[in-house]
Amino acid sequence: IGGVHGKVVVTGCEFTNNQDVGFIFCEEVIFTSNHIYQSADNGVSLSRGNRKVVCVGNTVENCAYNGIWVSGFFTDKGPTNFAVTGNAIRNVGHNGIYADYAPKYGTIVGNEIDGNYNRGPSDQASDVNGAGVYLGGFPTTDRANPTDWAQGITVVGNHIRAMAPGGIYMNGVKRIQVVANQVSDVGTQFLADGTTAIASNDATQNVGVLIEQSTTSA
């Protein structure tokens, strides 16, 4: 659904074996109480150009990539004014909630995220995905030199468990609150190939909360 003026409401729907449920360039999106199962891409993509996004009380299971995508895409930045609250995300290949490409002014509150130690979908194992919540700036192609930041976002009261690399990752962020989250049983012994042991000095793996490229954040 793209380019809609006014309000788009999707509630109480069942999405099974699809690509992903996608919204772009909409004035207002309300996505509540839906069930998404076994998507070939993300569970739901609340993507570029959206404003006033509400994603509440959904269940997302067995998706190949991210559970909830609150991000931009390629040259377009992420959405503004969003609330991702009270969702259950289980057994996804990449990140539980992915808020990248400089989204702004949002809350990520009270979500249940259980990653089942996945490192990507079964045919595309990866060492760089798999956080419970990921916040990032823009562009994603040069993390050391952001031109815009994920700003004004609170990450509060989420329960994150069984994620392969870690709990909450931030990269190119400003004015972020990370408060009272429970991160449990994250991390693995091996990288995505299943045989390479994770080095004890690898600061990007097996961590609860990580600020990558810390000089780019404030």
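Everything below is about the structure shown above.
Heads up: these notes are all about the structure in this document. (Residues numbered from 1 in each chain as written. Predicted model: local features only at pLDDT ≥ 70, side-chain atom pairs only at ≥ 80, totals over all residues. Heavy atoms only, no water.)

Overview of the overall build of the chain
Line of reasoning, step 1. The helix and strand inventory of the chain stands at zero helices and 21 strands.
Line of reasoning, step 2. By the compact-globule yardstick of 17 Å for 218 residues, the chain fits well, its C-alpha radius of gyration being 16 Å.
Line of reasoning, step 3. In terms of overall dimensions, the chain has C-alpha extents of about 50 × 35 × 30 Å along its principal axes.
Line of reasoning, step 4. Each of the 218 residues in the chain was classed as buried or not, and the buried ones make up 50%.
Line of reasoning, step 5. Accessible surface, the chain as shown: approximately 9300 Å² in total, 51% of it carbon and sulfur. (Helix = DSSP H or I, 4+ residues; strand = E, 2+ residues; numbered from the N terminus. Rg over C-alpha atoms; globule rule 2.2 N^0.38 Å. Buried < 20%, exposed > 50% of the residue type's maximum accessible area, 1.4 Å probe, protein only. Areas by Shrake-Rupley, 256 points an atom, 1.4 Å probe, with all protein chains shown as cover.)

Focus on the sheet that holds strand β3 (residues 21–23)
Line of reasoning, step 1. Ordered by their spatial adjacency, seven strands build an open sheet running β3-β6-β9-β12-β15-β18-β21, and the pairing between neighbours is parallel. Across the chains shown, the open sheet's two edge strands, defined by having one partner strand only, are β3 and β21 (207–211).
Line of reasoning, step 2. Note: strand β18 (residues 166–171) against β21, four bridges, orientation parallel. Each bridged residue has a counterpart across the sheet, and for Ile-168 the counterpart in β21 is Val-209. (Pairing = 2+ DSSP bridges.)

What about unusual backbone geometry?
Line of reasoning, step 1. Omega for the peptide link from Phe-138 to Pro-139 comes to 0 degrees, which places this bond in the cis form.
Line of reasoning, step 2. One non-glycine residue, Asn-91, adopts positive backbone phi at about 60 degrees.
Line of reasoning, step 3. Mapping Asn-91 onto the fold places it in the loop between β11 (88–90) and β12 (97–99).
Line of reasoning, step 4. A positive phi angle, close to 55 degrees, is found at Asp-185, a residue other than glycine.
Line of reasoning, step 5. Along the chain, the position of Asp-185 falls in the loop between β20 (182–184) and β21.
Line of reasoning, step 6. Assessed through its relative accessible area of 57%, Asp-185 is described here as exposed.

Side note on the pairing of strand β13 (residues 104–109)
Line of reasoning, step 1. Bridge count for strand β10 (residues 80–85) against β13 is five bridges, and the pairing is parallel. Bridge pairing in β13 places Thr-85 opposite Val-109.
Line of reasoning, step 2. Of the pairings in the sheet, the one linking β13 to strand β16 (residues 150–156) comprises five bridges and is parallel in character. In the sheet register, Thr-107 faces β16, and the bridge partner there is Thr-154.

Quick word on the pattern of salt bridges
Line of reasoning, step 1. All chains considered together, the criterion is met by eight salt bridges.
Line of reasoning, step 2. One salt bridge in this structure joins Arg-48 and Asp-76, with 3.5 Å as the shortest N-O distance. Residue Arg-48 is found in the loop between β6 (44–46) and β7 (51–56), and its partner Asp-76 is found in the loop between β9 (68–69) and β10; the two are separated by 28 residues along the sequence.
Line of reasoning, step 3. With a shortest N-O distance of 3.3 Å, Arg-161 and Asp-114 are connected by a salt bridge. Residue Arg-161 is located in strand β17 (residues 159–161), and its partner Asp-114 is located in strand β14 (residues 112–114); the two are separated by 47 residues in the primary sequence. (Salt bridge = Lys/Arg side-chain N within 4 Å of Asp/Glu carboxyl O.)

Overview of the side chain of Thr-188
Line of reasoning, step 1. By secondary structure assignment, the location of Thr-188 is in the loop between β20 and β21.
Line of reasoning, step 2. At a separation of 2.9 Å, a polar atom in the side chain of Thr-188 contacts the main-chain carbonyl oxygen of Phe-190.
Line of reasoning, step 3. If we skip the residues at most four places from it in the chain, Thr-188 touches Tyr-117, Arg-119, Ala-164, Ile-198 and Asn-206. (Polar contact = N/O pair within 3.5 Å; in protein donor to acceptor, adjacent residues only side chain to side chain. Contact = heavy atoms within 4.5 Å.)

Focus on the sheet that holds β17
Line of reasoning, step 1. Strand order in the open sheet formed by seven strands is β2-β5-β8-β11-β14-β17-β20, and the pairing between neighbours is parallel. With one partner strand each, in any of the chains shown, β2 (14–16) and β20 form the two edges of the open sheet. Averaged over all pairs of adjacent strands, the angle between their axes in this sheet comes to 5 degrees, without regard to strand direction.
Line of reasoning, step 2. Pairing of β14 with β17, which is carried by three bridges, proceeds in the parallel orientation. From the neighbouring strand, Glu-112 faces β17, where its bridge partner is His-159. (Axes fitted to C-alpha atoms, helices over the stretch in contact; angles between N-to-C directions.)

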